[in-house]
Amino acid sequence: MDNLKPVSEVDITRAIIKKATDDWLELAESDVIIVGAGPSGLIAAKILAENGLKTVIFERRLSFGGGIGGGGMLFHKLVIQDPASDILKEVGCRLEKISEGFYTTDTAEMIAKLSASVMDAGAKMILGITVDDVMFDINPLRITGAVIQWVSVIMSGIHVDPLCVASKALVDATGHDAEILAVASRKNPDLNLLTLGEKSMNSKIGEELIIEKTGKVFPGLYATGMAVGTLYNTPRMGPIFGGMLLSGKKVAEEIIKDLKR
Ligand code: 48F
């Protein structure tokens with residue numbers, strides 16, 4: 001039988017706290033914070049990290065992939081079309097051709113390959129963290145970071161003061177609820193951010209409009225994926241993911257342009 005190296009309970013505790021603290025000290029001032037590890041947030045993080053920006057994703061669940069895992073009505077497939085399919089091919093995700101430029105893939109494979117590419121690019125992903133508010137500065141008025149809390153604290157209902165992480169760009173990739181835009185709008189009417197809620201289903205128009213409207217919504221604050229639809233009242237689209245990936249790519253490119261100016 002192989003002999004495992006003996007590690008005491010105290011060694012385990014010290015190793016975890018020390019290495020997690022090292023990471024947190026580094027992340028406390030990030031270039032980009034992405035809230036939500038769904039398709040748009042994942043691809044944005046990959047591109048941002050590849051371009052040398054210190055990027056962290058905060059995801060409240062203990063898993064990543066957001067709405068990818070649900071496929072279409074829990075069937076384990078979703079659809080993707082050209083040219084967004086290139087993004088999945090690039091991360092090694094196998095596609096099944098239905099017709100020219102139109103494919104399906106397995107939900108678990110897309111989650112695994114896309115998420116692995118985020119970490120390979122050097123972005124950090126921290127699970128079990130909810131972003132429940134934004135930080136701001138005045139003169140000039142801008143969003144300067146995220147207010148964070150353990151999801152377990154929020155679920156417990158006890159009051160515990162949060163911590164904050166600074167960013168040059170904070171990205172709402174929280175999906176249909178556009179949680180970051182919603183809280184920023186509710187608490188700061190002077191930002192003039194009104195989240196209208198999404199429209200009923202029209203996949204084609206929905207995807208086109210989300211890509212078109214993706215980007216900066218306020219200095220320091222950006223939106224991608226379904227959060228864009230909720231902000232601008234564009235149609236929902238169901239289990240087709242080309243628009244989400246191109247939206248994530250677009251927001252990353254805009255941030256790179258803004259931050260590297
Ligand atoms: O919903 P989600 O997958 O966002 P998306 O990138 O993609 C939408 C599609 O999955 C699908 C669709 C496209 O055809 O309609 O629904 O816009 O992922 C959002 C992630 O954000 C997390 C949430 O758990 C999910 O994994 N999240 C939401 N609010 C917060 C959060 C928050 N306040 N703090 C941390 N994570």
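Structural data are supplied above this passage.
One structure accompanies this document, and this report is about it. (Residues numbered from 1 in each chain as written. Predicted model: local features only at pLDDT ≥ 70, side-chain atom pairs only at ≥ 80, totals over all residues. Heavy atoms only, no water.)

**Topic: the overall build of the chain**
Where we set the bar: The way it works is that DSSP assigns letters per residue, a run of H or I at least four long becomes a helix, a run of E at least two long becomes a strand, and they are numbered from the N terminus. Every radius of gyration here is taken over C-alpha atoms, with the globule rule written as 2.2 Å times N^0.38, N being the number of residues. For every residue, the accessible area (1.4 Å probe, protein chains only) is compared with the maximum for its type, and the residue is labelled buried under 20%, exposed over 50%, or partly exposed between those bounds. The criterion used for residue contact is that any of the two residues' heavy atoms lie within 4.5 Å. For accessible areas, the Shrake-Rupley method is used with a probe of radius 1.4 Å. Any residue's cover is judged against the shown protein chains and nothing else.
On a plain count of helices and strands, the chain comes out with nine helices and 12 strands. For a compact globule of 261 residues, the expected C-alpha radius of gyration is about 18 Å, and the chain comes in at 19 Å, within 12% of that figure. Dimensions of the chain, computed from C-alpha atoms along their principal axes, come out at roughly 60 × 55 × 40 Å. The buried share of the chain, reckoned over its 261 residues, is 46%. By sequence separation, contacts in the chain at least 24 residues apart represent 67% of the contacts at least 6 residues apart. Of the accessible surface of the chain, which amounts to about 13500 Å², a share of 58% is contributed by carbon and sulfur atoms.

**A closer look at unusual backbone geometry**
For the bond from Asp 82 to Pro 83, the omega torsion is -5 degrees, close enough to zero to count as cis. Structurally, the position occupied by Pro 83 is in the loop between β3 (77-81) and α3 (85-90). Note the cis peptide between Asn 139 and Pro 140, where omega equals 0 degrees. In this fold, Pro 140 is placed in the loop between β7 (129-137) and β8 (142-150). Not every positive phi belongs to a glycine, and Met 73 is a case in point at roughly 50 degrees. As for its position among the elements, Met 73 is in the loop between β2 (55-59) and β3. On the basis of relative accessibility, which here comes to 74%, the residue Met 73 falls in the exposed class. Of note, Ala 178 is a non-glycine position whose phi angle comes to about 40 degrees, a positive value.

**A short note on the pattern of salt bridges**
For the record, the criterion: Salt-bridge detection follows one rule: a side-chain nitrogen of Lys or Arg within 4 Å of a carboxyl oxygen of Asp or Glu.
Using the criterion set out here, one finds 19 salt bridges in the structure. Two residues, Asp 22 and Lys 19, come together in a salt bridge whose shortest N-O distance is 3.7 Å. With Asp 22 and Lys 19 both in helix α1 (residues 9-27) and three residues apart, this pair spans about one turn of that helix. Here Asp 22 falls in the partly exposed class, since its relative accessible area comes to 30%.

**Concerning the packing of aromatic side chains**
Rules: Stacked, tilted and edge-to-face are the three classes assigned to paired rings of Phe, Tyr and Trp, where Trp is represented by its six-membered ring and a pair needs centres within 6.5 Å; plane angles under 30 degrees give stacked, over 60 edge-to-face, the rest tilted. Two conditions define a charge sitting above a ring: the NZ of Lys or the CZ of Arg must be within 6 Å of the ring centre, and it must be within 35 degrees of the ring normal.
Counting across every chain of the model gives two aromatic pairs. Here Trp 24 and Phe 58 contribute two aromatic rings whose centre-to-centre distance is 5.8 Å and whose plane-to-plane angle is 10 degrees, an arrangement assigned as stacked. You can see Trp 24 sitting in helix α1 and its partner Phe 58 sitting in strand β2, a full 34 residues away along the chain. The exposure class of Trp 24 is partly exposed, given its relative accessible area of 25%. Taking 6.4 Å as the distance between ring centres and 85 degrees as the angle between the ring planes, the aromatic pair formed by Trp 24 and Trp 150 counts as edge-to-face. Taken together, the residues span a long stretch of sequence, with Trp 24 in helix α1 and Trp 150 in strand β8 at a distance of 126 residues. Sitting above the plane of the Tyr 232 ring, Lys 213 keeps its charged end 5.1 Å from the centroid.

**A short note on the site of the ligand**
Heads up, the condition is: Whether a residue is near a molecule or strand is decided by its heavy atoms; if any one of them lies within 4 Å of it, the residue is near. Side-chain atoms alone can form a polar contact between residues adjacent in sequence; in general such a contact is a pair of N or O atoms within 3.5 Å, and within protein one must be able to donate a hydrogen while the other accepts it. Residues are sorted three ways: Asp, Glu, Lys and Arg are charged, Ala, Val, Leu, Ile, Met, Phe, Trp, Tyr, Cys and Pro are nonpolar, and all the rest, Gly among them, are polar.
Around the ligand sit 27 residues in total, of which Ser 40, Glu 59, Gly 67, Met 226 and Gly 238 are the nearest. For the ligand, an oxygen atom lies 3.5 Å from a polar atom in the backbone of Pro 39. With respect to the ligand, the backbone of Val 131 contributes an N or O atom lying 2.9 Å from a nitrogen atom. Expressed as a share of its isolated accessible area of 740 Å², the protein-covered part of the ligand is 93%. Broken down by secondary-structure element, the contributors of at least two residues to the shell around the ligand are α2 (39-50), β2 and β7. The leading source of residues in the shell around the ligand is β7, at three residues. Looking at side-chain class alone, the shell around the ligand contains 12 nonpolar, 11 polar and four charged residues.

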